[in-house]
Amino acid sequence: MTTAYLTHESFTKHDFPGHPEHAGRIQALWQQISAAGLADQLLHVAPTPVTDAQIFSVHSRAHLERLVAVSQGDRLTRLDAETYALPVSLEVARLAAGAAIGAVDAVLSGRADNALAVVRPPGHHATPDRQMGFCLLNNIAIAARHAQSEHGINKILILDYDVHHGNGTQDIFYADPNVMFISIHQSPHYPGTGAMRETGADAGRGYTLNVPLPAGHGDESYQQIFADIVQPAAERFEPDLMLISVGLDAHWMDPLGGIQLTLAGYDFMARACLAMAERTCAGRIVFAMEGGYDLPALAHGWRNIAGALLGEVSLSDPYGETPSPATSQFQPLIKQIRDIHRL
């Protein structure tokens, strides 16, 4: 099994010390993957920056021009209350989206069986017209459009299990019947989108599937969601490629979320995604980094994903079980979602 690994030292240049989305996040991850001896087992692929045309496949001209204006300045700019950009940030964001594209290329060319895009800044909140939620360019959306336009991929499944709803990814593909977007997220929570009845528009109606969870849910709930919702929906859709937006911020130690997942729960989801990809799209799957703001949970979580892709069975977990009993009773929500999507 060959796993492509796309990351870059420049991802530390976009940095605002004291902000939740800082350079130390990816540095902790690199250190853990290296310390576990996994870095030498991965196929290192150097990413290249995305072009303007690739950005315009999902974003407006005004979206890019806003970042260009920051790049021509000499100071940090607040794009909104949560999101910052530096003069170097557009260069870094181009490389992050390029890494996601490179991961797709590695898998679809047959160079690798699966791939990891370990990047920052994250992307899933970036809408066609707006940077928000720490996100500048929508990395996974740009990679999906690239798979469609350059590889002729017909159907793509994007599964997002960040604690925050991937509103930008949803907006970009809301009317596209060839991209199924599934999001499991805390609700109510930032950014306030992702209701279960947000199911798509026009030809894309039915191809957006949201699972909004109240705070307090944990491993058992996510296992049931996979069994009763995610797997049936994915197998009915029959994708040609799976792209996973991975947020480790649903871990019980994360300071920005209220979900009670453990690293064992995250490991279950990664392995369930691998099994779904094997059944539906010949194993073609890419995992891309989104949120996660407790550094040990983030680093060990990604070390476990890398291990799962490489075929390891061990689990690295410095935290263990949540000290708070996780909520597990949500049958009405499961039934509503299954009824809406006729699962």
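By convention here, each chain's residues receive numbers from 1 onward along its written sequence. The predicted nature of this model means local features are confined to residues of pLDDT at least 70 and side-chain atom pairs, given and counted, to a pLDDT of 80 or more, with totals for whole chains, interfaces and linings taken over all residues. Side-chain figures throughout are based on the complete set of non-hydrogen atoms in the structure, without hydrogens or water.

Next up on the list: the sheet that holds strand β6 (residues 156–160). Sheet architecture is open: eight strands sit in the order β2-β1-β5-β10-β9-β6-β7-β8, paired in parallel fashion. The sheet terminates laterally at β2 (43–44) and β8 (208–213), the two strands that pair on one side only. The pairing of strand β1 (residues 3–6) with strand β5 (residues 114–117) spans four bridges and is parallel. By the bridge assignment for β5, leucine 6 is matched with alanine 117. Paired strands, as defined in this entry, are two strands with at least two bridges between them according to DSSP. Helix and strand assignments follow DSSP, with helices taken as H or I runs no shorter than four residues and strands as E runs no shorter than two, numbered in order from the N terminus.

In this description, a pair of aromatic rings is defined by centroid distance and the angle of the planes. In this scheme Phe, Tyr and Trp rings, the latter by its six-membered ring, pair at centre separations within 6.5 Å, and the angle between planes marks the pair as stacked below 30 degrees, edge-to-face above 60, and tilted otherwise. What the rule picks out here adds up to six aromatic pairs. When the ring of tyrosine 161 is compared with that of tyrosine 266, the centres are 6.0 Å apart and the planes differ by 50 degrees; the resulting orientation is tilted. In this pair, tyrosine 161 sits in the loop between β6 and α6 (167–173) while tyrosine 266 sits in helix α8 (residues 263–281), placing the two residues 105 residues apart along the sequence. By the burial criterion, tyrosine 161 is buried, and tyrosine 266 matches it. Geometrically, the ring pair formed by phenylalanine 226 and phenylalanine 268 is edge-to-face, given 5.7 Å between the ring centres and 70 degrees between the ring planes. You can see phenylalanine 226 sitting in helix α7 (residues 219–237) and its partner phenylalanine 268 sitting in helix α8, a full 42 residues away along the chain. When accessible area is computed with a 1.4 Å probe and restricted to protein chains, residues below 20% of their type maximum are described as buried, those above 50% as exposed, and intermediate ones as partly exposed. Looking at phenylalanine 268, the relative accessible area reads 27%, which means it is partly exposed. For the cation-ring pair, lysine 155 lies above phenylalanine 237, with the distance from its terminal atom to the ring centre recorded as 5.2 Å. Lysine and arginine charges are scored as sitting over a ring when NZ or CZ, respectively, is within 6 Å of the ring centre and within 35 degrees of the ring normal.

Interpretation in functional terms is not warranted from these geometric data alone.
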